[in-house]
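Commentary on secondary and tertiary structure
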Amino acid sequence: MSLLECLVGMAMSLILVAPLLKNSGELIAKQMEYEKVQLLTQDADRALELIGRSIRMAGYRRAESFQHPTRNQVRQRELIQIHKSVGYQRSDSLMVQHELSQGIDFDCIGNVLSGDRTRNHLAHQGFVVERQAMAPKGIRVNGGSLICQSLDRQGRLQNTTLMNGVHRLLIERQGSSAHQVFKVILEMTDGGLIHRQFERTFFARNL
């Protein structure tokens, strides 16, 4: 076989193989994108469930608390607070307060709530999106960090990172009804091409 025949054979092989390689690369890229979307979706579902649980619990008080007007006055001022455009990418923040039920209650990071994790007989749970703490300035990051705010055993407010990849958190009060209704919009991103928006509506049953 001459050198010319060898070169022609190689060229023909490349022509035949190139589309297969291209298709394989596209399939791998789509698979990676699919996996990223699945992870973002799982994180969003988890975050929305935690936020929704806090909203549903906001303002809860035990029957005996109605006999303490002073305690009720404290609660009425700050049962549920929404601060607009205070976080990463102008995200909203949420803070709720409630008394402990007679069952087992958990804060947003999974700690069992007890009397030492309250302040003025109230548990505090909050959510805010901040810039990723460990990311150096100027470095592109995959969104901000969703922070859980809760009380430690000394009644001090502590911040714990729940997840990264949060582009923005929006919380809106909805209309008027027997219960207060809140629409929560969570935008997730991988910092590149993937950007997904998730939305849920929650009722504050105790307000």
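Whatever comes next refers back to the structure up there.
Observations concerning the overall build of the chain
Along the chain, the regular secondary structure elements total 2 helices and 7 strands. Sequence-ordered secondary structure for the chain, helices as α and strands as β, is α-α-β-β-β-β-β-β-β. For the chain, restricting intrachain contacts to residue pairs at least 6 apart in sequence, the fraction spanning at least 24 positions comes to 52%.

Looking at the sheet that holds strand β2 (residues 93–98)
Pairing is antiparallel across the open sheet formed by 7 strands, whose spatial order is β1-β2-β3-β4-β5-β6-β7. Strands with a single pairing partner mark the edges of an open sheet, and in this sheet they are β1 (80–83) and β7 (195–204). Each strand axis lies, on average, 30 degrees off the axis of its neighbour in the sheet, ignoring direction.

Some points on the state of the cysteines
In this structure the tally under the stated criterion is 1 disulfide. Shown here is the disulfide that connects Cys108 with Cys148, its sulfur atoms set 1.9 Å apart. Across the S-S bond of Cys108 and Cys148 the torsion is about 70 degrees, and the bridge reads as right-handed. Of this pair, Cys108 sits in the loop between β2 and β3 (123–130) while Cys148 sits in strand β4 (residues 144–151), and the two are 40 residues apart along the sequence. For Cys108, a relative accessible area of 3% corresponds to the buried category. Judged by relative accessible area, which is 0%, Cys148 ranks as buried.

Considering the pairing of β4
Of all the 8 residues making up β4, 8 are buried; the element is thus mostly covered by neighbouring parts of the structure. Two elements, β3 and β4, share 6 bridges in a ladder whose sense is antiparallel. By the bridge assignment, Gly126 is partnered in β4 with Gln149. One ladder, built from 7 bridges, connects β4 with strand β5 (residues 157–174); its direction is antiparallel. Residue pairing in the sheet places Cys148 in a bridge with Thr160 of β5. Counted between consecutive antiparallel strands, the loop separating β4 from β5 contains 5 residues, among which Gly155 sits at a positive phi close to 75 degrees.

Side note on the nonpolar core
Core analysis: the biggest nonpolar cluster contains 32 residues, and Ile55, Leu94, Phe127, Leu146, Leu169, Leu186 and Met188 have the highest contact counts within it. Of all the secondary structure elements, the ones that give two or more residues to this core are α1 (3–57), β1, β2, β3, β4, β5, β6 (180–189) and β7. In terms of residues, this core owes the most to one element, α1, which gives 8 residues. Those residues in contact with Leu94 that lie beyond four places of it in its chain are Ile51, Ile55, Ile80, Gln81, Ile82, Gln125, Gly126, Phe127 and Ile171.

Considering the pattern of salt bridges
Per the stated rule, a full pass over the model turns up 8 salt bridges. Linking Asp190 and Lys36 is a salt bridge whose minimum nitrogen-to-oxygen distance equals 3.7 Å. With Asp190 in the loop between β6 and β7 and Lys36 in helix α1, the pair connects residues that are 154 residues apart, well separated along the chain. For Asp190, a relative accessible area of 21% gives the class partly exposed. When its relative accessible area of 38% is taken as the criterion, Lys36 is described as partly exposed. In this structure, the salt-bridge partner of Asp92 is Lys84, at a minimum N-O distance of 2.6 Å. Since its relative accessible area comes to 40%, Lys84 is described here as partly exposed. Linked through salt bridges whose partners overlap, the residues forming this network are Lys84, Asp92 and Glu172.

Things to note about the side chain of Gln132
Along the chain, the position of Gln132 falls in the loop between β3 and β4. One polar contact links the side chain of Gln132 to the main-chain carbonyl oxygen of Gly143, over a distance of 3.0 Å.

The rules behind the values
- Residue numbers here run from 1 along each chain, matching the order of that chain's written sequence.
- Under the rules for a predicted model, residues below a pLDDT of 70 receive no local features and side-chain atom pairs below 80 are neither given nor counted, while totals for whole chains, interfaces and linings still include all residues.
- With hydrogens and water set aside, each side-chain value is computed from the structure's full complement of heavy atoms.
- By definition, any uninterrupted DSSP run of H or I lasting at least four residues is a helix, any uninterrupted run of E lasting at least two residues is a strand, and each is numbered from the N terminus.
- Residue contacts are defined here by distance: any two heavy atoms, one from each residue, within 4.5 Å place the two residues in contact.
- In this analysis, strands are considered paired if DSSP registers two or more bridges between them.
- Angular values range over 0 to 180 degrees, each being the angle between N-to-C directions of two axes fitted as lines to C-alpha atoms, with helices fitted over their stretch in contact.
- The definition used for a disulfide is geometric: two cysteine sulfur atoms within 2.5 Å.
- Burial classification: accessible surface area is computed with a 1.4 Å probe over protein chains only, and a residue below 20% of its type maximum counts as buried, one above 50% as exposed, and the rest as partly exposed.
- Take the buried residues of types Ala, Val, Leu, Ile, Met, Phe, Trp, Tyr and Cys, join any two whose side-chain atoms come within 4.5 Å, and each joined set is a nonpolar core.
- Any carboxyl oxygen of Asp or Glu within 4 Å of a side-chain nitrogen of Lys or Arg constitutes a salt bridge here.
- Pairs of N or O atoms are called polar contacts if they sit within 3.5 Å, as long as, within protein, a hydrogen donor faces a hydrogen acceptor (for residues adjacent in sequence, only side-chain-to-side-chain pairs).

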